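A structural walkthrough
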Amino acid sequence: MAADRVVTPGWHHGLMNIVLFHSTLGPRPAVRQAADRLRDAGHQVWTPDLFEGRTFDTVEEGMAHQDGIGREELLKRAVLAAAPYSERGLVYAGFSLGASIAQTLALGDHRARGLLLLHGTSDIAPNASVDELPVQLHVAEPDAFETDDWLSAWYLQMGRIGADVEVHRYAGAGHLYTDPELPDYDAEAAEATWRVALGFLDSLQESQGSDEPQTGE
């Protein structure tokens, strides 16, 4: 896998700038594989390591490590990782815990171009407000970590703060169904997720192109 490249913040024509946050299991190979898939589609992707290299095989182990770091410290690490690339607008994305972090950062960044959530959501600050921010959520059905009641309330609240949200559910899939090395893995659901997600990014790409200043000959 190619290492993340340091680039000058700004427009990258024909692609999106994406920051992709890992789950509570840490920066597992599935995160790198997902980043490579996005890069193969032409996008620039950064995969911050919020756990300093630690990875876990169970949610319980990961959550214990996550709780030891603390939510505020994790958010601080995420903000510092995204800051060098946020000047012209990022697509924030993440898996489970990473989706929660991505949502928090995107709702606080007026330059955000989009929000791609895989397997997770987060609380919404009472004063949050966005201007038709495109949001796409992919989540199992059912999902013990993202219950139907929670998702219904989340969807309505995201709409109230101005987000343009679409939700995709995958019946029978496990929580982290996009990770091929986990028991949760569902190949059909994972491929459907990436197909739809890449289409979402294409739509953002078209929108970004229309926003760029036009130059004369």
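The residue numbers shown here count from 1 along each chain, following its written sequence. Thresholds applied to this predicted model are a pLDDT of at least 70 for local features of residues and 80 or more for the giving and counting of side-chain atom pairs; totals over whole chains, interfaces and linings are not thresholded and use all residues. For the side-chain quantities, the full set of heavy atoms in the structure was used; hydrogens and water were omitted.

1. What to know about the packing of aromatic side chains
- For Phe, Tyr and Trp, rings pair up if their centres lie within 6.5 Å, where Trp contributes its six-membered ring, and each pair is then called stacked (planes under 30 degrees apart), edge-to-face (over 60) or tilted (otherwise). In this structure the tally under the stated criterion is 4 aromatic pairs.
- Plain terms: the ring middles of F95 and W194 are 6.5 Å apart, the flat faces sit at 65° to each other, and that makes the pair edge-to-face. Linking F95 in strand 3 (residues 91–95) with W194 in helix 6 (residues 187–211), this pair joins segments that are 99 residues apart in sequence.
- Since its relative accessible area comes to 6%, F95 is described here as buried.
- Only protein chains enter the accessibility calculation, which uses a 1.4 Å probe. A residue is then buried if its area is under 20% of the maximum for its type, exposed if over 50%, and partly exposed in between. Looking at W194, the relative accessible area reads 5%, which means it is buried.
- Ring plane angle 45° and centroid distance 5.2 Å describe the contact between Y170 and Y177, whose orientation is recorded as tilted. For the pair shown, Y170 and Y177 are each scored as buried. Secondary structure elements follow DSSP: runs of H or I of four or more residues count as helices, runs of E of two or more count as strands, with numbering from the N terminus.

2. Brief notes about helix 5 (residues 148–160)
- By definition here, a helix of n residues has an expected span of 1.5 Å times n minus one. End to end, helix 5 covers 18 Å across 13 residues, agreeing with the expected 18 Å (1.5 Å per residue, within 8%).
- When we look at burial in helix 5, the residues that qualify are L151, W154 and M158. Projection of helix 5 onto a plane perpendicular to its axis shows the buried side chains occupying an angular sector of 60°, all on one side. Exposed side chains of helix 5 directed beyond 90 degrees from the buried face belong to D149 and R160.
- The contact criterion used throughout is that any non-hydrogen atoms of two residues lie within 4.5 Å. In this structure, the buried side of helix 5 is in contact with helix 4 (97–107), strand 4 (114–118), strand 5 (134–141) and strand 6 (164–171).
- Residue G162 follows helix 5 closely and has a positive phi angle near 110°. Throughout, the arc means the angular range of directions from the helix axis out to the C-beta atoms.

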